[in-house]
Amino acid sequence: MYDVIVVGTRVAGSPVAMLLARKGYRVLAVDRATFPSDTPSTHYIHQAGLSLLKTWGLLDEVVATGCPPVRHLNFTYTDIDIRGMADPSADGIDTVYCPRRTVLDKILVDAARDAGVEVIEGFTVTALDFDGDRVTGLRGRVGEGAEQKFEATIVIGADGSGSTVAKQVGAEVYEGSAAACFVYYSYYEGVDWGMHHRTGFGEQQFASWPTNDGLALVAVMRKRDRFRAFRTDPDAGVREIIEQVDPEIGARFRDTAKRVEPFRPMLYPDNYRRRSYGPGWALVGDAGYHKDPFTGWGITDAFKYAQLLADLVDEGLSGARPMAEALAEYQRERDAQSASTFELTQSISELTLTPYYDSVFRATSYDADYSKKFFGLISGLYSPDKYFGEAELAELYEKVNFPADRRFVTKDAGVPA
């Protein structure tokens, strides 16, 4: 009998398992994969996510893999150009990292083991067990082996957007929107541009950032209705998008870039929030909450809400408060804390900007101090009210002498200041 079983051991599952084991609980974690193992990902860890790795004692391991630090960011939206970096975090983190998932996930799984978690790799969950409507454990097998049964006080699903746990408990979606785009990415030699995230005219985007082994991840994005045509010649499609968005970088890409791995095509799942708790179960990571990869917040949010869930499950298991009450707070707090990121991601991932966001971002690009605020917001260091506050925006518009008829201070009213 375990206190906790975690299904899925990547960027949400391993941390929540590790944190609960460190608190003294008996934890089992299972995953269909064996590690090291790859998975589709932006790779991007914001400063807020790196702060959590530092708190957990794992940041030095990530840095030691040789993943290059990124200390200057370049964002464009059509003709809006925002460059710079957020101020250092309170704990001194002044960079971001984009490690390969073969590297990062192995570090996290090993950390869970070191904390005392029993980890079973190559394990497929076949069913959850119930007592009435309460989850009491699960059954599954390694490969073609005999079915095994495990019991626990709580089962946590960290098994991604297609979560078996979510399906078995009937976790309903209560908020969401359709995904807008497809993504193609791969790894390249000969790309030394640093970090770029450029959205051009014609509803298309490319992004690049350095990762392990001297390689760069290069990704392109277009609307989903153009997916079939693109996949007929993705190498040509990647070159075309980069050249159309930024001709100078496009020329450098054509001359020096060499793709060294197969493409990873992704039709992303929709944006959603699922009910993420019930009697004897909870969901974390993409199993409970997913958004478009545009803002690169998947890993950082997985870390953030793994920590939140571990703290509240601890309160329930220790008897400090009823488990149902603790889990309800987890979902409530997750939704409140992620609301601005969720809304912003859904708005700008369409690859077009509303008049409100066009005005805010355009004015931001004219001011170095406010650009730091932008990157602080993106990095999770600033609360949204410090960037999107009506008084703050009014002050920015005045400072950069922005046209009066385009000074939008509220996204809902759509009325200039």
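Scroll up to find the structure.
The following refers to the structure shown. The model shown is predicted, which means the values in this text are computed figures rather than measured ones.

Cut-offs applied
Each chain carries its own residue numbering, running from 1 in the direction its sequence is written. In keeping with the predicted nature of the model, local features appear solely for residues at pLDDT of at least 70, side-chain atom pairs appear and are counted solely at 80 or more, and the whole-chain, interface and lining totals rest on all residues. Note that water and hydrogens are dropped before the side-chain values are worked out from all heavy atoms of the structure. Helical segments are the DSSP runs of H or I of at least four residues, strand segments are the runs of E of at least two, and each set is numbered from the N terminus. C-alpha atoms define the radius of gyration in this analysis, and the globule rule sets the expected value at 2.2 Å times the number of residues to the power 0.38. Categorising residues by exposure relies on relative accessible area from a 1.4 Å probe, with only protein chains included: less than 20% of the type maximum marks a residue as buried, more than 50% marks it as exposed, and the intermediate range marks it as partly exposed. Here a residue-residue contact requires only that any non-hydrogen atoms of the pair lie within 4.5 Å. Areas reported here follow the Shrake-Rupley algorithm with a probe of radius 1.4 Å; residue values treat only the protein chains shown as occluding. In summary, the charge assignment counts Lys and Arg as positive and Asp and Glu as negative, without counting His or the chain termini. Note that the charge is assigned to NZ on lysines, CZ on arginines, CG on aspartates and CD on glutamates. What is meant by a nonpolar core is a set of buried Ala, Val, Leu, Ile, Met, Phe, Trp, Tyr and Cys residues, joined one to another through side-chain atoms within 4.5 Å. Note on geometry: axes are lines fitted to C-alpha atoms, helical ones only across the stretch in contact, with angles between N-to-C directions running from 0 to 180 degrees. An angle below 35 degrees is treated as roughly parallel, one above 145 as roughly antiparallel, one from 65 to 115 as roughly perpendicular, and anything else as oblique. In a left-handed crossing the near helix is turned counterclockwise from the far helix by less than a right angle, and in a right-handed crossing that turn is clockwise. In this classification, Asp, Glu, Lys and Arg are treated as charged, Ala, Val, Leu, Ile, Met, Phe, Trp, Tyr, Cys and Pro as nonpolar, and every other residue, Gly included, as polar. Should DSSP find at least two bridges between two strands, the strands are taken to pair. Handedness is read with the strands pointing away from the viewer; a crossover is right-handed when the path from the first strand over the helix to the second is clockwise. Salt bridge criterion: a side-chain nitrogen from Lys or Arg within 4 Å of a carboxyl oxygen from Asp or Glu. Pairs of N or O atoms are called polar contacts if they sit within 3.5 Å, as long as, within protein, a hydrogen donor faces a hydrogen acceptor (for residues adjacent in sequence, only side-chain-to-side-chain pairs). By definition here, a helix of n residues has an expected span of 1.5 Å times n minus one.

In terms of helices and strands, the chain carries 14 helices and 19 strands. Its C-alpha atoms give the chain a radius of gyration of 22 Å, near enough to 22 Å, the size a compact globule of 417 residues would have. Projected onto the principal axes, the alpha-carbon positions of the chain cover approximately 65 × 50 × 40 Å. When the 417 residues of the chain are sorted by exposure, 57% land in the buried category. In the chain, once contacts between residues fewer than 6 apart in sequence are set aside, the share between residues at least 24 apart is 71%. Of the roughly 16800 Å² of accessible surface on the chain, a fraction of 47% belongs to carbon and sulfur atoms. A gap of 3 Å separates the mean positions of the 46 positive and 60 negative side-chain charges of the chain.

L53, I156 and F303 are the most contacted members of the largest nonpolar core, which has 57 residues in total. With 10 residues, helix α9 (residues 298-318) is the single largest residue contributor to this core. With 48 residues, the next largest nonpolar core counts Y44, I82, A86 and V409 among its residues.

With that settled, consider the packing of helix α1 (residues 13-22) against helix α4 (residues 101-114). Contact geometry for α1 and α4: axes closest at 8 Å, N-to-C directions at 20°. In terms of axis orientation, α1 runs roughly parallel to α4. The handedness of the crossing between α1 and α4 comes out as left-handed. Of the residues in α4, those touching α1 at S14, P15 and M18 are L108, V109, A111 and A112. For the contact of α1 with α4, a count of residues per class yields 6 nonpolar, 1 polar and no charged.

For strand β2 (residues 27-31), the buried fraction is high: 5 of the 5 residues fall into the buried class. Of the pairings in the sheet, the one linking strand β1 (residues 2-7) to β2 comprises 4 bridges and is parallel in character. Within β2, the residue paired with V6 across the bridge is A29. Of the crossover connections in this fold, the one passing from β1 over α1 to the parallel β2 is right-handed.

Let us look at the pattern of salt bridges. Counted under the stated rule, the structure contains 34 salt bridges. K106 is paired through a salt bridge with D110; the nearest N and O atoms lie 2.8 Å apart. Separated by 4 residues within a single helix, K106 and D110 lie in helix α4, roughly one turn from each other. Judged by relative accessible area, K106 falls into the partly exposed class, the value being 28%. D129 serves as the salt-bridge partner of R139, at 2.7 Å between the closest nitrogen and oxygen. Here R139, found in strand β7 (residues 134-142), pairs with D129, found in strand β6 (residues 123-131); they are 10 residues apart in sequence, far enough to count as distant.

As a further point, take the side chain of T345. Summarising the element assignment, T345 is placed in helix α10 (residues 323-348). For T345, the contacting residues outside a window of four places in its chain are K291, D292 and T295.

In this section: the sheet that holds strand β16 (residues 271-274). Pairing is antiparallel across the open sheet formed by 3 strands, whose spatial order is β9-β16-β19. Taken across any chain shown, the strands that pair with only one partner, and hence form the sheet edges, are β9 (173-177) and β19 (289-290). Pairing between β16 and β19: 2 bridges, direction antiparallel. For R273, the partnering residue across the bridge sits in β19 and is Y289.

Moving on to the packing of helix α7 (residues 234-245) against helix α8 (residues 247-256). It is the contact of α7 with α8, at a shortest axis distance of 5 Å, that shows an interaxial angle of 145°. Where α7 crosses over α8, the two elements pack in a sense that is left-handed. Touching V238, R239, I242, E243 and V245 of α7 are P247, I249, G250, F253 and R254, all from α8. The residue inventory of the contact of α7 with α8, partitioned by class, reads 6 nonpolar, 1 polar and 3 charged.

Next up on the list: the side chain of R274. Positionally, R274 belongs in strand β16. Buried within the structure, R274 lacks any salt-bridge partner; its nearest side chain of opposite charge belongs to D159, at an N-O separation of 7.1 Å. A polar contact is formed between the side chain of R274 and the backbone oxygen of A287, at a distance of 2.7 Å.

Compared with an ideal rise of 1.5 Å per residue, which puts 14 residues at 20 Å, α4 spans 19 Å between its outermost C-alpha atoms and is within 8% of the ideal. Restricting attention to buried positions, one finds in α4 the residues R101, L104, D105, I107, L108, V109, A111 and A112. At its buried positions, α4 is contacted by α1, α2 (47-55), α3 (59-64), β5 (118-121) and α9. Downstream of α4 by one or two residues, G116 has phi in the positive range, about 110°.

That bond from F35 to P36 is cis: its omega, 10°, falls within 30 degrees of zero. Among the structural elements, P36 can be located in the loop between β2 and α2. The phi dihedral of T78 is positive, around 50°, even though this residue is not glycine. Examined against the element boundaries, T78 turns out to sit in the loop between β3 (73-77) and β4 (80-84). Positive phi, normally seen in glycine, also occurs at D213, with a value near 65°. One can find D213 in the loop between β12 (204-210) and β13 (216-223).

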